[in-house]
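If you want the building blocks of each chain, they are given just below.
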Amino acid sequence: MRLDIITIFPTMFDSPFSYSIIKRAKEKGLIEINFINPRDYATNKHKSVDDYSYGGGAGMVMMIEPIARCIEKLQKERTYDEIIYLCPDGRLMDQQTANLLSMKMNLILLCGHYKGIDERIREHYITTEISIGNYVLSGGELAAAVLTDSIVRLLPGVLSDETSALSDSFQNNLLSPPVYTRPREFKGLKVPEVLLSGNEKEIQEWRLQKAIERTKERRPGLIDN
Ligand code: ADE
């Protein structure tokens, strides 16, 4: 998979993309991530990428031209499955969307700033708008990093235990059951006996039961779906 991230702050991704699963996926060549900075495509003297909002009002708006030039340059080089704009008023991100996006070849992620981007970009270039939650971030970069993480861990060969992404919370609309590790007892707090029994069938049944209980208690909406 190839991800092209359009951002005026590419170094914001240095840390989240340098550890653990994303790092390994890059090293194995399972994902290629590139950055393209609208500032490098600004045509005006000051290389500005934002301007006042027509009609007035507080806050700057990201200009159409630098972003359009980034997208058009990328589109000349390859075909994209989706051009995604991260924004608070997009469709809410969920596991199903991560699953679907993990099957794509080429994606563009566009990170907005200030009061947003010129609406004409959204209308004419963007194919999908995604929000990572009902709250407003200062820009799309953190959202793009979250989206990338949720997708990359699903790519075949990224996780060492191939089945572990399938047992994540939200796969099958269930939250994950509780997990424990050594020691068996800590200050009188014991690990549930069944997990120590070695009885695979009973352990699976217990885990499913706990997953259902936890989902009913914390996210009943998932079960209704
Ligand atoms: N940009 C600002 N807030 C956002 C959010 N909640 N999700 C995605 N992109 C955003």
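What you see is a predicted model; the values in this text were computed from it and never measured.

Conventions adopted
- Sequence positions are assigned chain by chain, starting from 1 and proceeding in written order.
- Local features are withheld for residues below a pLDDT of 70 in this predicted model, meaning they are given only at 70 or higher, and side-chain atom pairs are given and counted only at 80 or more; totals for whole chains, interfaces and linings count all residues.
- Values shown for side chains rest on all heavy atoms present in the structure; no hydrogens or waters enter the calculation.
- Residue ranges for the domains originate in an automatic or database domain assignment.
- Two rings belonging to Phe, Tyr or Trp (six-membered ring only in the last case) form a pair when the distance between their centres is within 6.5 Å. Interplanar angles under 30 degrees mark stacking, angles over 60 mark edge-to-face geometry, and anything in between is tilted.
- Residue exposure (1.4 Å probe, protein chains only): buried if accessible area is under 20% of the type maximum, exposed if over 50%, otherwise partly exposed.
- Helix and strand labels come from DSSP, where a helix needs a run of H or I of at least four residues and a strand needs a run of E of at least two; each type is numbered from the N terminus.
- Patches here are clusters of residues that have more than 30% relative accessible area and form no salt bridge, with a 9 Å joining cutoff for like charges and a 5 Å cutoff for nonpolar side chains (Val, Leu, Ile, Met, Phe, Trp, Tyr).
- Each accessible area is a Shrake-Rupley result for a 1.4 Å probe, and residues are judged covered by the shown protein chains and nothing else.
- Only one rule defines a salt bridge in this text: a Lys or Arg side-chain nitrogen within 4 Å of an Asp or Glu carboxyl oxygen.
- Pairing between two strands requires that DSSP report at least two bridges joining them.

J.: Go over the domain arrangement of the protein, please, and point to the residues and values.
T.: By domain assignment, the protein separates into domain 1 (2-152) and domain 2 (169-224). Distance between the C-alpha centres of domain 1 and domain 2: 37 Å.

J.: So what about the packing of aromatic side chains? Which residues, and what values?
T.: Applying the stated criterion to the full structure yields three aromatic pairs. Relative to Phe17, the ring of Phe13 lies with its centre 5.3 Å away and its plane at 45°, an arrangement referred to as tilted. When its relative accessible area of 2% is taken as the criterion, Phe13 is described as buried. On the numbers, 5.2 Å between centres and 40° between planes, the contact of Phe13 with Phe35 is tilted. Note that Phe13 is positioned in the loop between strand E1 (2-6) and helix H1 (20-27) and Phe35 in strand E2 (residues 32-36), a separation of 22 residues in sequence. For Phe35, a relative accessible area of 35% gives the class partly exposed. Cluster of aromatic residues (ring-pair linked, three or more members): Phe13, Phe17 and Phe35.

J.: I'd love a proper account of a nonpolar patch on the surface, names of residues and values included.
T.: On the surface, Phe9, Met12, Tyr135, Leu137 and Leu142 cluster together to form a nonpolar patch covering roughly 460 Å² of accessible area. In this structure, Leu142 sits in helix H5 (residues 141-152).

J.: Describe in detail the pairing of strand E6 (residues 106-111), supporting the description with residues and values.
T.: Within E6, six of the six residues are buried, leaving the element largely enclosed by the surrounding structure. Taking every second residue as pointing to the same face, both faces of E6 are buried, with Asn106, Ile108 and Leu110 on one and Leu107, Leu109 and Cys111 on the other. Here E1 pairs with E6 via five bridges, running parallel. Directly across from Ile6, in E6, lies its bridge partner Leu110. As defined by bridge partners, strand E5 (residues 82-92) adjoins E6 across five bridges and the pair is classed as parallel. When the sheet's bridge partners are listed, Ile84 is paired in E6 with Leu109.

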